Amino acid sequence: MIDGLDHDGGSEHECSLCSCEYTDEEGGVEGFFGIIPVAFCPNCFVSMCDMVEQYMGYGEEEDE
């Protein structure tokens, strides 16, 4: 998990969204939303990225 402003180097992490545990080998991402520490498992991170792509319209061709 995240300890203060540093990653503590542990091999187990807990997703801030679904609360599942994942390892460094599985992937995932850890960081901060402003000053709030967050961690996302690979599944939640990919789902969040897909939602942003859909919302922002990435990959859609513009009508001419």
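A few points about a negative patch on the surface
There is a patch of like negative charges on the surface, built from Glu12, Glu14, Glu21, Asp24, Glu25 and Glu26. Its location among the elements puts Glu25 in the loop between strand E4 (21-23) and strand E5 (29-33).

A closer look at the pairing of E5
Pairing between E5 and strand E6 (residues 36-40): five bridges, direction antiparallel. Across the sheet, the residue bridging to Glu30 is Ala39, located in E6. Count of turn residues in the E5/E6 antiparallel hairpin: two residues, of which Gly34 carries a positive phi of about 65°.

Describing the nonpolar core
Considering soluble globular proteins, one finds that nonpolar side chains tend to be buried as a cluster. Counting five residues, the largest nonpolar core consists of Cys15, Tyr22, Ala39, Cys41 and Cys44. Excluding its chain neighbours within four sequence positions, the residues that come into contact with Cys15 are Cys20, Tyr22, Ala39, Phe40, Cys41 and Cys44.

Quick look at a nonpolar patch on the surface
A cluster of nonpolar residues, Val52, Tyr55, Met56 and Tyr58, forms a patch on the protein surface that exposes about 510 Å² of accessible area. For Met56, the location among the structural elements is in helix H1 (residues 42-56).

Here we look at the environment of Tyr58
Looking at the secondary structure, you find Tyr58 in the segment after H1. Setting aside its immediate chain neighbours within four residues, Tyr58 contacts Val52 and Glu53.

Re the packing of aromatic side chains
Inspection of the entire model under this criterion finds one aromatic pair. Summarising the aromatic geometry, the rings of Phe33 and Phe40 are spaced 5.8 Å apart at their centres and angled 45° between planes, so their arrangement reads as tilted.

Side note on the state of the cysteines
Scanning all chains against the criterion turns up zero disulfides. Looking at Cys20, it has no disulfide partner, and the nearest cysteine sulfur is the one in Cys18, 3.4 Å off. No disulfide involves Cys41; its nearest neighbouring cysteine sulfur is the one of Cys44, lying 3.7 Å away.

About the thresholds
Per chain, residue numbering runs from 1 following the sequence as it is written. With pLDDT at 70 or above as the cut-off, local features in this predicted model cover only qualifying residues; side-chain atom pairs require 80 or more to be listed or tallied, and sums for whole chains, interfaces and linings still use all residues. Side-chain descriptors were evaluated using all non-hydrogen atoms of the structure, hydrogens and water having been removed beforehand. Surface patches are defined over residues having more than 30% relative accessible area and no salt bridge, joining like charges when they lie within 9 Å and nonpolar side chains (Val, Leu, Ile, Met, Phe, Trp, Tyr) when within 5 Å. Methods summary: accessible areas were calculated by the Shrake-Rupley approach with a probe of 1.4 Å, and residue burial reflects only the protein chains presented. What makes a salt bridge here is a side-chain nitrogen of Lys or Arg within 4 Å of a carboxyl oxygen of Asp or Glu, nothing more. As used throughout, the charge tally considers Lys and Arg to be positive and Asp and Glu to be negative, leaving His and the chain termini uncounted. Note on charges: their place is set at NZ of Lys, CZ of Arg, CG of Asp or CD of Glu. A run of DSSP states H or I qualifies as a helix once it reaches four residues; a run of E qualifies as a strand once it reaches two. Both are numbered from the N-terminal end. Pairing between two strands is assigned when DSSP locates at least 2 bridges connecting them. What is meant by a nonpolar core is a set of buried Ala, Val, Leu, Ile, Met, Phe, Trp, Tyr and Cys residues, joined one to another through side-chain atoms within 4.5 Å. Only protein chains enter the accessibility calculation, which uses a 1.4 Å probe. A residue is then buried if its area is under 20% of the maximum for its type, exposed if over 50%, and partly exposed in between. The criterion used for residue contact is that any of the two residues' heavy atoms lie within 4.5 Å. Two rings from Phe, Tyr or Trp (for Trp, the six-membered ring) form a pair when their centres are within 6.5 Å of each other. A pair whose planes differ by under 30 degrees is stacked, one over 60 is edge-to-face, and the rest are tilted. Working definition: a disulfide is two cysteine sulfur atoms within 2.5 Å of each other.

Treat this as a map of the structure, not an account of what it does.
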